[in-house]
Amino acid sequence: MVSKIFINLAVKDLKKSITFFTKLGFSFNPKFTDESATCMIIAENIFAMLLTEERFKDFTKKEICNAHKNTEVLIAIAVESREKVDELVKNAVDAGGSIYMNQQDHGWMYVHSFADLDGHQWEILYMDESAIPKR
């Protein structure tokens, strides 16, 4: 069965991306970090490999998506509270990212989104599964 997940994202400037995500509270595995890539730790078994565009091309035959113009993926991560959702999005904007979508409050789920420096969309959410309406 699956034991870990690695999301691979192309970035234009690896150092700027590391600085950006450090300001959001993420850390990096030095074993998988060099001048062309880094392994951002999202959770115990969830990682984002940030790869320079040149290095990313080693893994695909397709053109790299311009995430500022096209949607390639929506990355959604759950956090422990509504306050943490707002804090993470605020930190992203303060670090140079931008609001992608305004807050959405569904009662049982609260979501807010930002775009990182390369335009990748990150949805930050809090869910109270005990409050999901019965259908």
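Draft legend 1. Representation of the sheet that holds strand β2 (residues 27-29) within the structure. Strand order in the open sheet formed by four strands is β1-β4-β3-β2, with mixed pairing between adjacent strands. The two strands at the open ends of the sheet, each matched to only one other strand, are β1 (5-11) and β2. Neighbouring strand axes in the sheet, compared pairwise and without regard to direction, differ in orientation by 35° on average.

Draft legend 2. Representation of the packing of aromatic side chains within the structure. In the structure shown here, the tally under the stated rule is six aromatic pairs. Centre to centre, the rings of Phe20 and Phe21 are 4.9 Å apart; their planes meet at 85°, and the pair counts as edge-to-face. No difference in accessibility class separates Phe20 from Phe21, as the two residues are buried. Residue classification places Phe20 among the buried positions, given a relative accessible area of 1%. Among the aromatic residues, those joined into a ring-pair cluster are Phe20, Phe21, Phe26, Phe114 and Trp122.

Draft legend 3. Broad picture of helix α1 (residues 14-23). Among all positions of α1, only Leu14, Ser17, Phe20 and Phe21 are buried. Projected onto a plane normal to the axis of α1, the buried residues spread over an arc of 120° and lie on a single side. What points out from α1, more than 90 degrees from its buried face, is the exposed set Lys15, Lys16 and Lys23. In this structure Asp13 caps α1, since a side-chain oxygen of it lies 3.2 Å from the backbone nitrogen of Lys15. Where α1 ends, the next residue or the one after it, Gly25, has phi of about 100°, a positive value.

Draft legend 4. Highlighting the sheet that holds strand β6 (residues 98-105). Spatially, four strands are ordered β5-β8-β7-β6 in an open sheet, and the strand pairing comes out mixed. The open sheet has two edge strands with one neighbour each: β5 (74-78) and β6. Here the strands of the sheet are splayed against their neighbours by 20° on average, with no regard to which way each runs. Contacting β5, β6, β7 (109-115) and β8 (121-127), helix α3 (residues 82-94) runs over the sheet at an angle of about 10° to β7.

Draft legend 5. Just the pattern of salt bridges, in detail. This structure, assessed with the given rule, holds five salt bridges. As a salt-bridge pair, Glu53 and Lys12 come within 3.0 Å of each other at their nearest N and O atoms. Separated by 41 residues along the polypeptide, Glu53 in helix α2 (residues 53-56) and Lys12 in the loop between β1 and α1 bring together distant segments of the chain. Ionic pairing is found between Lys84 and Glu87, a salt bridge with its closest N-O pair at 3.4 Å. Here Lys84 and its partner Glu87 are both found in helix α3, three residues apart, which amounts to about one turn of the helix. With relative accessibility at 26%, the residue Lys84 sits in the partly exposed group. We classify Glu87 as partly exposed; its relative accessible area is 39%.

How each quantity is defined
Residues numbered from 1 in each chain as written. Predicted model: local features only at pLDDT ≥ 70, side-chain atom pairs only at ≥ 80, totals over all residues. Heavy atoms only, no water. Pairing = 2+ DSSP bridges. Helix = DSSP H or I, 4+ residues; strand = E, 2+ residues; numbered from the N terminus. Axes fitted to C-alpha atoms, helices over the stretch in contact; angles between N-to-C directions. Phe/Tyr/Trp six-rings, centres within 6.5 Å; stacked < 30°, edge-to-face > 60°. Buried < 20%, exposed > 50% of the residue type's maximum accessible area, 1.4 Å probe, protein only. Arc of directions from axis to C-beta. Polar contact = N/O pair within 3.5 Å; in protein donor to acceptor, adjacent residues only side chain to side chain. Contact = heavy atoms within 4.5 Å. Salt bridge = Lys/Arg side-chain N within 4 Å of Asp/Glu carboxyl O.

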